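Chain residues, written in single-letter form:
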Amino acid sequence: MTAARTTTAPADAGAVALSGDAGAGEASVLRLADIGFDAPSRLLAELGLALSQVPDGEPIPGSYWGECEAGLIGSTVFARADTPVHSLLHEAGHLLVMPPERRAGVHTDATDSVPEEDATCYLQILLADRLPGVGRDRLMADMDAWGYSFRLGSTRAWFEHDAEDARAFLATRDLL
């Protein structure tokens, strides 16, 4: 099954997340089944969020993209064993960058602005370093394999050379 690729931010944004059928690279991304739920659950709890494990084959509540992509409702991220780690961290990042008053009412669609989307992409990379067996290098490779698209052509190029706005946004929210 091939899903349509849809951007979540305008083409002039630094980070433009894409999802859907990412081709051959999709099979190679790290999934929660590979690292388990314990470390991600602890990380999210430290950040004031919850992780809810969805049974295999069940629809993921609050998933914007459907299929195996993580979902969010309130301060909870929902995921199955087949959910990519990058997807879990991306949705957690959305919840962390949004103001708390918006977080309480969020359901499925968390993006409020291009700066917020860019900050979310940057934060998910930082959060990867806090998960054993993941790290930023693996996460950036998985983001590229899945189909995230960046102005400079790769996640690493954007993160290292074009993410000043994302860092500034995160600094204003005390998330760096």
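Counting restarts for each chain: residues are numbered from 1 in the order of the written sequence. Given that the model is predicted, a residue must reach a pLDDT of at least 70 before its local features are reported, and side-chain atom pairs must reach 80 or more before they are shown or counted; all residues, however, enter totals for whole chains, interfaces and linings. Note that water and hydrogens are dropped before the side-chain values are worked out from all heavy atoms of the structure.

Chemist: Residues and numbers for the overall build of the chain, please.
Modeler: Every helix listed is a DSSP run of H or I at least four residues long, and every strand listed is a run of E at least two residues long, numbered separately from the N terminus. Regarding its fold elements, the chain presents eight helices and five strands. To sort residues, take the accessible area from a 1.4 Å probe on protein chains only and compare it with the maximum for the residue type: under 20% means buried, over 50% means exposed, and anything in between is partly exposed. Burial analysis of the chain (176 residues in total) assigns 49% to the buried set. Whether two residues touch is decided by their heavy atoms; if any such pair falls within 4.5 Å, the residues are in contact. Expressed as a percentage of contacts within the chain between residues at least 6 apart in sequence, the contacts between residues at least 24 apart total 60%. Residue-level accessible areas treat just the shown protein chains as cover; the underlying method is Shrake-Rupley with a 1.4 Å probe. Here the chain displays about 7800 Å² of accessible surface, and carbon together with sulfur accounts for 51% of that area.

Chemist: So what about the packing of aromatic side chains? Which residues, and what values?
Modeler: Two aromatic rings, drawn from Phe, Tyr or Trp (for Trp, its six-membered ring), form a pair once their centres lie within 6.5 Å of each other, and the interplanar angle then sorts them: stacked below 30 degrees, edge-to-face above 60, tilted otherwise. Taken as a whole, this structure holds four aromatic pairs when the rule is applied. Plain terms: the ring middles of Y122 and W158 are 6.1 Å apart, the flat faces sit at 75° to each other, and that makes the pair edge-to-face. Of this pair, Y122 sits in helix α5 (residues 114-128) while W158 sits in helix α7 (residues 155-161), and the two are 36 residues apart along the sequence. With respect to burial, Y122 and W158 carry one shared label: buried. Seen in terms of ring centroids, F150 and W158 are 4.9 Å apart; in terms of plane orientation they differ by 25°. Their pairing is stacked. Overall, W158 belongs to the buried group, its relative accessible area being 1%. Ring pairing ties together the aromatic residues Y122, F150, W158 and F159, which thus form one cluster.

Chemist: Any chance you could break down the confidence of the model for the chain for me, citing the residues and the numbers?
Modeler: Caution applies to low-pLDDT regions: their predicted coordinates should not be interpreted in detail. A score from 0 to 100, pLDDT tells how confident the predictor is in each residue. On average, residues of the chain score 86 in pLDDT, and 86% of them reach the 70 mark or higher. Contacts of residues 1-12 to residues separated by more than four positions or lying in other chains number 31 contacts, the stretch itself having pLDDT below 50. Under a pLDDT of 50 for its full length, residues 18-24 has, in the predicted model, 25 contacts with residues more than four places off or in other chains.

Chemist: An account of the sheet that holds strand β3 (residues 71-73) is needed here, citing residue identities and associated values.
Modeler: At least two bridges found by DSSP between two strands is the condition for calling them paired. Strands sit in the order β2-β4-β3 across an open sheet of three strands; the sheet is mixed. Whereas interior strands pair on both sides, the edge strands pair on one side only; in this sheet they are β2 (50-53) and β3. For this sheet, the mean inter-axis angle between neighbouring strands, taken without regard to orientation, is 30°. As defined by bridge partners, β3 adjoins strand β4 (residues 76-79) across three bridges and the pair is classed as antiparallel. In this description, a line fitted to the C-alpha atoms serves as the axis of each element, helices being fitted only across the stretch in contact, and the angle between N-to-C directions of two axes falls anywhere from 0 to 180 degrees.

Chemist: So what about the nonpolar core? Which residues, and what values?
Modeler: Within the largest apolar cluster, 46 residues are counted, with the highest numbers of intra-cluster contacts made by L44, V77, V85, L89, L139 and W158. Excluding its chain neighbours within four sequence positions, the residues that come into contact with L139 are V85, H86, L89, Q124, I125, A128 and V134. Take the buried residues of types Ala, Val, Leu, Ile, Met, Phe, Trp, Tyr and Cys, join any two whose side-chain atoms come within 4.5 Å, and each joined set is a nonpolar core.

Chemist: With reference to specific residues and values, describe the side chain of D162.
Modeler: With respect to the element layout, D162 can be found in the loop between α7 and α8 (164-172). With a relative accessible area of 17%, D162 lands in the buried category. A distance of 2.8 Å separates polar atoms of two side chains, one belonging to D162 and the other to R151. Think of a polar contact as two N or O atoms within 3.5 Å of one another; within protein, one of them needs to be a possible hydrogen donor and the other a possible acceptor, and neighboring residues in sequence only count if both atoms come from side chains.

Chemist: Talk me through the packing of α5 against helix α6 (residues 135-146); I want residue IDs and the actual numbers.
Modeler: Angle between the axes and distance between the axes are the two parameters that describe a pair of packed helices. Contact geometry for α5 and α6: axes closest at 7 Å, N-to-C directions at 135°. When the axes of α5 and α6 are compared, the pair comes out oblique. Seen from α5, the contacting residues are C121, Q124, I125, L126 and A128; seen from α6, they are G135, R136, L139, M140 and M143. Residues are grouped as follows: Ala, Val, Leu, Ile, Met, Phe, Trp, Tyr, Cys and Pro are nonpolar; Asp, Glu, Lys and Arg are charged; every other residue, Gly included, is polar. The residue inventory of the contact of α5 with α6, partitioned by class, reads seven nonpolar, two polar and one charged. Each angle receives one of four descriptions, namely roughly parallel if under 35 degrees, roughly antiparallel if over 145, roughly perpendicular if within 65 to 115, and oblique otherwise.

Chemist: Residue-level account of the pairing of β4, with values.
Modeler: Here four bridges tie β2 to β4, and the two strands are oriented parallel to one another. Looking at the pairing, S52 lines up with F78 of β4. The antiparallel hairpin formed by β3 and β4 contains two residues in its connecting segment, where G74 sits at a positive phi of about 60°.

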